[in-house]
Amino acid sequence: MRLNINDAIREVMALAEGEARRQSVTLRTDLAADLPPVVGDRVQLQQVLLNLVMNGVEAMASVADRPRQLLVRSRHQASEHVRVAVQDAGIGIERQYLDKIFETFYTTKPQGMGMGLGISRSIVQPHGGRLWAILNEGPGMTFAFALPVEAARATCI
């Protein structure tokens, strides 16, 4: 199904707004205009987005020395992919755990189950995309995923 990823992002941000407000987190977006559509299951991709946004909100729960801001960006990449990045100003993780965080049952949260990122990756990959984590230059993390645009996806199937 054709999907405007910016519409999906806006819907997820509206869902997350209440929890973000309770955690004193400011949600922002920087969405590229005129993105080409991707092919994907709207609900599944929104589940990925919501997981990444809520992880970012939770990662900032103990932050007291800087603004608690979460930024979601969308961009069209020259490689015929649409890239979505969720950047937080949270506590981050140590570099050696970057790949491990996508393993099922691995968690850095005291109350976490270690399912969200593994499930998110298992949704993105069958859509022809990939999901990864990046340590920010400053505090926090960025989680990004890229999905092929509709025309590119049609030639892959």
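To keep things clear, this report deals only with the structure shown in the data block. (Residues numbered from 1 in each chain as written. Predicted model: local features only at pLDDT ≥ 70, side-chain atom pairs only at ≥ 80, totals over all residues. Heavy atoms only, no water.)

Attention now goes to the side chain of His-127. With respect to the secondary-structure elements, His-127 resides in the loop between helix H3 (116–124) and strand S6 (130–135). Under the relative-accessibility criterion, His-127 is labelled buried at 8%. Among the polar contacts made by the side chain of His-127, one reaches the main-chain carbonyl oxygen of Ile-123 at a distance of 2.7 Å. (Helix = DSSP H or I, 4+ residues; strand = E, 2+ residues; numbered from the N terminus. Buried < 20%, exposed > 50% of the residue type's maximum accessible area, 1.4 Å probe, protein only. Polar contact = N/O pair within 3.5 Å; in protein donor to acceptor, adjacent residues only side chain to side chain.)

Scanning all chains against the criterion turns up 8 salt bridges. The closest approach of N and O atoms between Arg-10 and Asp-7, which form a salt bridge, is 3.0 Å. Taken together, the residues span about one helical turn, with Arg-10 and Asp-7 both in helix H1 (residues 5–22) at a distance of 3 residues. Look at Asp-7 and you get partly exposed, because its relative accessible area is 33%. The salt bridge partner of Arg-21 is Glu-17, with a shortest N-O separation of 3.3 Å. One end of the pair is Arg-21 and the other is Glu-17, both in helix H1 and 4 residues apart, which spans about a single turn. Classification of Arg-21 as exposed rests on a relative accessible area of 55%. The class of Glu-17 is partly exposed, set by a relative accessible area of 31%. Look at the salt bridges and you will find they share partners, linking Asp-30, Arg-73 and Arg-75 into a network. (Salt bridge = Lys/Arg side-chain N within 4 Å of Asp/Glu carboxyl O.)

Take H1 next. With 18 residues, H1 should reach 26 Å at 1.5 Å per residue; the first-to-last C-alpha distance of 26 Å fits that figure. The largest bend in H1 amounts to roughly 45 degrees and is located at Ala-16. Against strand S1 (2–3), strand S2 (26–31), helix H2 (42–59), strand S4 (69–77), strand S5 (81–88) and strand S7 (141–148) lie the buried residues of H1. N-cap assignment for H1: the residue whose side-chain oxygen lies 2.9 Å from the backbone N of Asn-6 is Asn-4. Directly beyond the C-terminal end of H1, a positive phi value near 60 degrees is found at Ser-24. (Expected span 1.5 Å × (residues − 1). Bend = angle between axes of the 7 residues up to and from the residue. Contact = heavy atoms within 4.5 Å.)

We now examine the nonpolar core. One finds Ile-5, Leu-27, Val-53 and Phe-145 to be the most contacted residues of the largest nonpolar core, which totals 41 residues. Dropping the residues within four chain positions of it, Phe-145 is found in contact with Val-48, Leu-49, Leu-52, Val-82, Arg-83, Val-84, Val-124, Arg-130, Leu-131 and Trp-132. (Core = buried A, V, L, I, M, F, W, Y, C linked by side-chain atoms within 4.5 Å.)

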